[in-house]
Amino acid sequence: MKRRDFIHLAGMGSGAMALPFSAFAHEVEIGQLLTPLLDTSQKKQLADIALNTAKSLGASYTDVRIGRYLNQFVTTREKKVQGVTNTESFGVGIRVIANGTWGFAASNSVTPDGIKKTTERAVAIAKANSKFQREPVKLAGTPSYGEVSWKTPIVKNGFEVPVKEKIELLLNANAKAMENGASFVNSLIFLVNEQKYFASSEGSYIDQDVHRTWPNFQVNVVDRQSGQFKTRSAFSAPVGMGYEYLDGKAGDKIKAPGDIILYNKSYDIVEDAAMAAQQAKQFIAGKSVEPGKYDLVLEPSHLWLTIHESVGHPTELDRVLGYEANYAGTSFLTMDKWQSKNFKFGSDIVNFVADKTQPGSLGSVGYDDEGVKCKSWELIKDGVLVNYQAIRDQIGMLGQKESHGCCYSQSWSDVQFQRMANVSLQAGKKSLTPEQLISNVEKGIYIVKDGSFSIDQQRYNFQFGGVLFFEIKNGKIAGMLKDVAYQANTQEFWNSCTEICDERDYRLSGAFNDGKGQPSQSNAVSHGSATARFNGVNVINTGRTIL
Amino acid sequence: MAILSKEEAKKILDKVIGFSKADGVEANLNGNDGGNIRYARNSVSTAGEDSNVSLSVQTYFGKKSGTATINEFDDASLEKVVRRAEELAKLAPENPEFLEPLPQQTYGAESKTFIESTAKITPDYRAQAAADSIIPATKKDITAAGFLEDNRGFSALSNSKGLFAYNKSTGVDFTVTMRTNDGTGSGWVARNFNDISKLNTTEASQIAMEKALQSRNAKAIEPGKYTVILEPNAAADLLGLMIGGMNARQADEGRSYLSKKGGGTKLGEKIVDERVNIYTDPWNEEVPVGNWASGGMSRKKMDLIKNGTVENLIYDRYWASQKNAEPTAFPGNRIMEGGNASVEDMIKDTKKGVLVTRFWYIRAVDPQTLLYTGLTRDGTFYIENGKIKHPIKNFRFNESPIIMLNNLETLGKQMRVASGGGPGGGGSSLIPAMKIRDFTFSSLSDAV
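All figures in this text were calculated on a predicted structure; none of them were measured in a lab.

Procedures and definitions
Residues numbered from 1 in each chain as written. Chains lettered and ligands numbered in written order. Predicted model: local features only at pLDDT ≥ 70, side-chain atom pairs only at ≥ 80, totals over all residues. Helix = DSSP H or I, 4+ residues; strand = E, 2+ residues; numbered from the N terminus. Rg over C-alpha atoms; globule rule 2.2 N^0.38 Å. Buried ≥ 20, exposed ≤ 12 C-beta atoms within 10 Å, placed from the backbone. Contact = placed C-beta atoms within 7 Å. Nonpolar A, V, L, I, M, F, W, Y, C, P; charged D, E, K, R; others polar. Pairing = 2+ DSSP bridges. Domains from an automatic or database assignment. Core = buried A, V, L, I, M, F, W, Y, C linked by C-beta atoms within 7 Å. Axes fitted to C-alpha atoms, helices over the stretch in contact; angles between N-to-C directions. Left-handed = near helix turned anticlockwise from the far one by under 90°. pLDDT = per-residue confidence, 0-100. Expected span 1.5 Å × (residues − 1). Bend = angle between axes of the 7 residues up to and from the residue.

Within chain B one finds ten helices and 17 strands. What you see for chain B is a C-alpha radius of gyration of 24 Å, in line with the 22 Å of a compact globule of 448 residues. Viewed in the frame of its principal axes, chain B has a C-alpha envelope of about 70 × 60 × 35 Å. Put simply, chain B has 448 residues, and 58% of those count as buried. Sequence separation of at least 24 residues holds for 74% of the intrachain contacts in chain B that already meet a minimum separation of 6.

What follows is the structure in structure tokens.
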């Protein structure tokens, strides 16, 4: 992701939380956020200007996205409110095919004249580029949906919750962290609302209202005497839900191995902040890991990121084909492996599904950003690669007729392209709890929550850290470890998966800021799994000494 | 509309300041026109342009402040945005760290950040840049993928204490990856300038093709500690992470690699080899940046690391007021002094080593020791007895830039590189190639 797309919170500690932020977003007051700018009939009229202009200039296809992107950040540290920021970004992005070539232009001038000029620029760009076009764009068909709408099924609109209430919640969480021994704590609530109107020359007019919510904190414990500091981040997940995620219902709390509490469909930030401080202190006093082979037991708030990097990205068809070669990279899951119908990506119990409809997930929408109705589909079945993730201009290369519906743009000002759906490991079919799983592990490490991550450009070699690491000795948790990271090859790793807990342990986690593309764009995506076991994985010790 | 002159910007901002009834007001006016082209599979994939201007107004009453924004510039709209910001300020909680805006500052000479020819890049120019990669690649059984992004923009700032500042800038960023069609070789080149006349897309594409051809059929060698020659782009990635962490407050609070065991910071202490000199200079001809930063703070030439010693930390205005220190604008560019050796000279002087074109997917492992992990990519070669012997498979590294700069062998020639995010992004750096001993590669990757 571009540096200009981030705001770094002032004064935050190392490993500071960074917020994805549209290049053109600007701050507005809350009253303005809650007032619609245009109704759907006005948007349709404006969109039709683009569709008609492009057609008259010779475009064979046009889509128009009139977007209003709202964000709210409430940020605090210890007893202080650092900022309450409301931003709005409003504009139009117009994409055309002319002479078999894509052209795109965007503007914040959402007026009949502004839209006409922007359309003309998009067509001119397409024509300029068509001189060097070798493969004319071919779009897979999609039904014309007429005038339709979709909304994230939220219970409580976070933007309507008074800022005072959010500040009190965060300051309460901070106070609990400090009472329990934190040296510093930064916390935030981050809300997103995408109001997207899509119209295409194929007759779809789609109005969508998408909500996401992310409470987060970082608790630091500093031991000045030894010169050590450790960070424990929140056990929350960014979610495709409203403010109800912060209800912290008792039924959504999970007592997990290592005497820790994890969260499912709602989150108790105050309770978690208190635990965070206690655990960060234990972490500092933890034993430095002995490098070597271990059986890893990876819990869903950790495993999502390993899934994201090693399964989500290599199954993106645009990467496989080379469209991302200059930036994010290509993929080891080449077409011949898929065509063979027997490429063993993982062990027999490994099943991955891509999904754009799962309730509560970040990727869930009714229609994607090129007007395709969303669905779910299999990627890995019984360990074998069976499909990719693809959109309208590439799905034909797989011999498939319908787009998977995973096209997305982060803003009106950026062109839409293939983005990752929610990619999730299906829960095990046999009855199994994390405690039962751990009881069979002789020498292992139980890893909780995502930490450091890195993977190569074809997604073979990866290294992951975590937030909490518990040593497993003869089926029992035997204290906390530190300086832990594991390295593996994707195919070897997923083939070493020997046990997956059942549906009761299945949870979602994810990220607001999956980066891809040039100019780089953010995508919000969730990944589900139950706790899973991987045998004989290489663990390194990351402890170092500097002057 | 997107690029306003100094006079046009001042006229709008003067009106904004005049409308305010708050204790004080600060207004920022920014505009940007950008264009890009992206190609892959030897064909243009996407291309576009975007344009935007926006005004942000922050007003305050005591330590309560509010901000509102608008992108219409008639008098009624300007007054409306000021009133909105005032309403928000009255409703806001007090921020104990809020500081009133700065009075008029004295800035150094204007920096040459705007180049007319860069501002005039057209869709046809961008299409030709793509062709400069695609046409020769096609002839050599190579597939080109690349990206060219250009922008022109301005920033203006004014406040009720009488401060006014203005700057306009241009930039262009070009990267190209060439992959051999047998899938075994890959080469990459990056170029970053504010003056388009310095960009030669044909020459850059040629270098990437040569790297791709030379890197075919790489051999695996054992991971371990190696002498490495880092090309400037590879070195810049790790150095940028080190320099970006030179925040005084984090160091004082004990949560930085610059915090000292037992308390205090490493300011004034030698942390790397004494040949390491890193500074920022807004007027450097290769990497010019605006002479003022956020809030109108004046940018100055400033040493960060001098003869291996931490010379300055970055103090924001609040933290400087708490620590009785001089506030420092965040560096707009980063310059590391180099030497005269070319990469070829350094190869000749190396008995056994690894040449690294670039690193990829660098992520923090331990902020306390500044340990990072990542991988080599797009051209990694084994050196033996002063010559490139053969291409090698990519490595994963686990290394700290602090340890790396303590293991410095030779500094090479400097090159301008993007600090991240393209022409409108994180600015630019002037970084030398460097030879480092005992660089830690911890595993092999099959990725090409």
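After that view of the structure, there is still more to cover.
Right, let's talk about the interface of chain A and chain B for a bit. Contact residues are listed per partner, giving 71 residues for chain A and 93 residues for chain B. The element best represented in the side of chain A that touches chain B is strand β6 (residues 101–107) of chain A, accounting for seven residues. For the side of chain A that touches chain B, the per-class residue count stands at 29 nonpolar, 29 polar and 13 charged. Note that β6(A) and strand β2 (residues 43–61) of chain B share four bridges and pair parallel. For Ala105(A), the partnering residue across the bridge sits in β2(B) and is Glu49(B).

The next point concerns the environment of Ser109(A). Residues and elements named next belong to chain A. Locating Ser109 in the fold gives a position in the loop between β6 and α3 (112–129). Using a count of 19 C-beta atoms within 10 Å as the deciding quantity, one classes Ser109 as partly exposed. For the pair Ser109 and Leu262, spaced 153 residues apart in sequence, the C-alpha separation works out to 46 Å.

Residues and elements named next belong to chain B. Burial analysis of strand β6 (residues 186–193) places eight of its eight residues in the buried class, the great majority of the element. Covered by surrounding structure in β6 are Ser186, Trp188, Ala190 and Asn192 together with Gly187, Val189, Arg191 and Phe193, the residues of both alternating faces. Direction of pairing for strand β5 (residues 164–180) relative to β6: antiparallel, over a ladder of eight bridges. Within β6, the position partnered with Met178 by the bridge is Gly187. Counted between consecutive antiparallel strands, the loop separating β5 from β6 contains five residues, among which Gly183 sits at a positive phi close to 75°.

Another aspect to go through is unusual backbone geometry. Residue Pro519(A) follows Gln518(A) across a cis peptide bond; omega there is 0°. Inspection of the secondary structure puts Pro519(A) in the loop between β28 (507–516) and β29 (521–529). You will see that Asn474(A), though not glycine, has its phi angle at about 45°, which is positive. With respect to the helices, strands and loops of the structure, Asn474(A) is situated in the loop between β24 (468–473) and β25 (476–482). Even without being glycine, Leu370(B) reaches a positive phi, approximately 60°.

Many analyses report the size of an interface as the accessible area lost when the parts associate. Residues and elements named next belong to chain A. Parsing chain A into structural domains produces domain 1 (3–219) and domain 2 (288–541). Here domain 1 and domain 2 have C-alpha centroids that lie 26 Å from each other. Facing 32 residues of domain 1, the contacting portion of domain 2 comprises 27 residues. Taken together, the elements giving at least two residues each to the side of domain 1 that touches domain 2 come down to β4 (61–77), β5 (80–98), β6, β8 (184–200) and β9 (204–223). Broken down by element, the side of domain 1 that touches domain 2 gets its largest block of residues, six residues, from β9. Its residues placed into classes, the side of domain 1 that touches domain 2 shows 17 nonpolar, nine polar and six charged.

This brings us to the sheet that holds strand β15 (residues 352–355) of chain A. All names here are of chain A. Spatially, β17-β16-β15-β20 is the arrangement adopted by the four strands of the open sheet, whose pairing is antiparallel. Strand pairing shows two members of the sheet lacking a second neighbour, β17 (384–385) and β20 (422–425), which therefore form its edges. Sheet topology note: the β15/β20 ladder contains four bridges and is antiparallel. Bridge pairing in β20 places Asp355 opposite Asn422.

Counting 278 residues, the largest nonpolar core has Val96(A), Val219(A) and Ile445(A) as the members making the most contacts within it. Those residues in contact with Ile445(A), other than ones at most four positions away along the chain, are Tyr294(A), Leu296(A), Phe469(A), Phe470(A), Glu471(A), Ile472(A), Leu481(A), Val484(A) and Val539(A).

This paragraph deals with the environment of Ile438(A). All names here are of chain A. Looking at the element boundaries, Ile438 is found in helix α9 (residues 434–439). On the basis of neighbour counts, which here come to 21 C-beta atoms within 10 Å, the residue Ile438 falls in the buried class. Put simply, Ile438 and Asp295 are 143 residues apart on the chain and 9.8 Å apart in space, counted from C-alpha to C-alpha. Excluding residues that lie within four positions of it along the chain, Ile438 makes contacts with Pro257, Val297, Tyr446, Ile472 and Gly475.

Attention shifts here to the packing of helix α2 (residues 40–56) of chain A against α3(A). Residues and elements named next belong to chain A. Between α2 and α3, the least distance of the axes is 9 Å, while the angle of their chain directions is 35°. Considering how the two elements wind past one another, α2 and α3 form a crossing that is right-handed. Within the contact between the two elements, α2 uses Leu46, Ile49, Ala50, Thr53 and Ala54 and α3 uses Pro112, Ile115, Lys116, Thr119, Glu120 and Val123. In the contact of α2 with α3, the residues fall into seven nonpolar, two polar and two charged.

Turning our attention to the domain arrangement of chain B. Residue and element names in this part refer to chain B. Domain boundaries assigned for chain B yield domain 1 (6–213) and domain 2 (218–448). Taking only C-alpha atoms, the centre of domain 1 and the centre of domain 2 are 25 Å apart. Residue-level contacts link 39 residues of domain 1 with 26 residues of domain 2. Elements that contribute at least two residues to the side of domain 1 that touches domain 2 include exactly β1 (24–40), β4 (142–159), β5 and β6. Here the element with the most residues in the side of domain 1 that touches domain 2 is β5; it accounts for seven residues. Of the residues contributing to the side of domain 1 that touches domain 2, the split by class is twelve nonpolar, 20 polar and seven charged.

Now for the packing of α3(A) against helix α4 (residues 123–139) of chain B. It is at 9 Å that the axes of α3(A) and α4(B) come closest, and there the two elements cross at 35°. When the axes of α3(A) and α4(B) are compared, the crossing they make is right-handed. Contacts between α3(A) and α4(B) pair Ala124(A), Ile125(A), Ala128(A) and Asn129(A) from the former with Pro123(B), Asp124(B) and Ala127(B) from the latter. Broken down by class, the residue content of the contact of α3(A) with α4(B) amounts to five nonpolar, one polar and one charged.

What follows deals with the confidence of the model for chain B. Low pLDDT marks regions whose predicted coordinates should not be analysed in detail. For chain B, per-residue confidence averages 94 on the pLDDT scale, and 98% of positions sit at 70 or higher. At the level of chain-chain contacts, confidence expressed as ipTM amounts to 0.93, with global pTM at 0.94.

Let's shift gears to α4(B). The terminal C-alpha atoms of α4(B), which comprises 17 residues, lie 25 Å apart, in line with the 24 Å expected from a rise of 1.5 Å per residue. The largest bend in α4(B) is about 25°, located at Ala131(B). What α4(B) keeps buried is the set Pro123(B), Arg126(B), Ala127(B), Ala129(B), Ala130(B), Asp132(B), Ser133(B), Ile134(B) and Ala137(B). Buried residues belonging to α4(B) abut α3 of chain A together with β1, β2, β4, β5 and α5 (201–214) of chain B. Asp141(B) lies just past α4(B) and shows a positive phi near 60°.

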